[in-house]
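Structural overview for review
For reference, the chains in residue letters:
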Amino acid sequence: SGVLTPDVEWYLTQQILPPIARLCEPIEGMSQGVIAERLGLDSRRYNQISGVSGSGIDDDDLVDYVPESSKSDAERFKEAEKLMTLCKACGTESEFPGVFCIRKVEGSTVPERAIGFQCTNPNCASPDYWGDTNLC
């Protein structure tokens, strides 16, 4: 009858799956096998090719999956070791608060904005840059 029908499986495996897999590659928990399954293809073929079959990721793991980008910093970095700084002027070791931070001022109910490149010891003789005069 002269009517051609597209090969849907070829189109999905050759034209749709590769670019979608490349786009989704940075997403934790995503694999070419998972995407293939969602497209209705045989996911076992793609798990073996991409080396994900031994990764232990299955659909049950993806049900409650929360992307890292939607978690709070406290939750994302709860396992990270805090960066500690040592003031060369007074010897006080303290946690680096970040480049900009909010500090409580003794005797005041209003916190102040501060630069994180200062010693936290209020009695430090040279608090800027943790007592390192060579950084200025």
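Residues numbered from 1 in each chain as written. Predicted model: local features only at pLDDT ≥ 70, side-chain atom pairs only at ≥ 80, totals over all residues. Heavy atoms only, no water.

1. As for the nonpolar core
Among the nonpolar cores identified, the biggest contains eight residues, and these are L12, L17, A21, C24, I35, A36, L41 and Y46. Breaking this core down by element, the ones donating at least two residues are helix 1 (8-24) and helix 2 (32-38). Among the elements that make up this core, the one with the highest residue count is helix 1 (four residues). (Core = buried A, V, L, I, M, F, W, Y, C linked by side-chain atoms within 4.5 Å. Buried < 20%, exposed > 50% of the residue type's maximum accessible area, 1.4 Å probe, protein only. Helix = DSSP H or I, 4+ residues; strand = E, 2+ residues; numbered from the N terminus.)

2. Structural notes on a nonpolar patch on the surface
A cluster of nonpolar residues, V99, F100 and I115, forms a patch on the protein surface that exposes about 320 Å² of accessible area. Note that V99 resides in the loop between strand 2 (93-95) and strand 3 (100-103). Residue V99 is classed as partly exposed on the basis of its relative accessible area of 41%. (Patch = residues over 30% accessible without salt bridge, like charges linked within 9 Å, V, L, I, M, F, W, Y side chains within 5 Å. Areas by Shrake-Rupley, 256 points an atom, 1.4 Å probe, with all protein chains shown as cover. Salt bridge = Lys/Arg side-chain N within 4 Å of Asp/Glu carboxyl O.)

3. Here we look at the packing of aromatic side chains
In the structure shown here, the tally under the stated rule is two aromatic pairs. Judged by centre distance (5.9 Å) and plane angle (45°), the ring pair of F96 and F117 falls under tilted. Of this pair, F96 sits in the loop between strand 2 and strand 3 while F117 sits in the segment after strand 4 (112-115), and the two are 21 residues apart along the sequence. Grouping aromatic residues by their ring pairs yields a cluster made of F96, F117 and Y129. (Phe/Tyr/Trp six-rings, centres within 6.5 Å; stacked < 30°, edge-to-face > 60°.)

4. Here's the deal with the confidence of the model for the chain
Within the chain, residue pLDDT values average 79, and 82% of them lie at 70 or more. This model gives residues 49-55 a pLDDT under 50, and the stretch forms four contacts once residues within four places in sequence are excluded. (pLDDT = per-residue confidence, 0-100. Contact = heavy atoms within 4.5 Å.)

5. What about the pattern of salt bridges?
Counted by the stated rule, this structure contains two salt bridges. Where R38 meets E37, a salt bridge forms, and the shortest distance between an N and an O atom there is 3.8 Å. Here D73 ties to R76 by a salt bridge, and the two come within 3.7 Å at their closest N and O atoms. Separated by three residues within a single helix, D73 and R76 lie in helix 5 (residues 73-76), roughly one turn from each other. Accessibility expressed as a relative area gives 33% for R76, which makes it partly exposed.

6. Brief notes about helix 1
Its maximal kink placed at L17, helix 1 deviates by approximately 40°, while the proline P18 follows within four residues. Residues L12, T13, L17, A21 and C24 constitute the buried set of helix 1. (Bend = angle between axes of the 7 residues up to and from the residue.)

7. Here we look at the environment of C124
In this fold, C124 is placed in the segment after strand 4. Looking at C124, the relative accessible area reads 9%, which means it is buried. Between the alpha carbons of C124 and K88 there is a distance of 9.9 Å; along the sequence they are 36 residues apart. Excluding residues that lie within four positions of it along the chain, C124 makes contacts with C87, A89, C90 and C119.

8. Remarks on the state of the cysteines
A complete count under the given rule lists zero disulfides for this structure. With no disulfide of its own, C124 has C87 as its nearest cysteine by sulfur position, at a separation of 3.6 Å. (Disulfide = S-S within 2.5 Å.)

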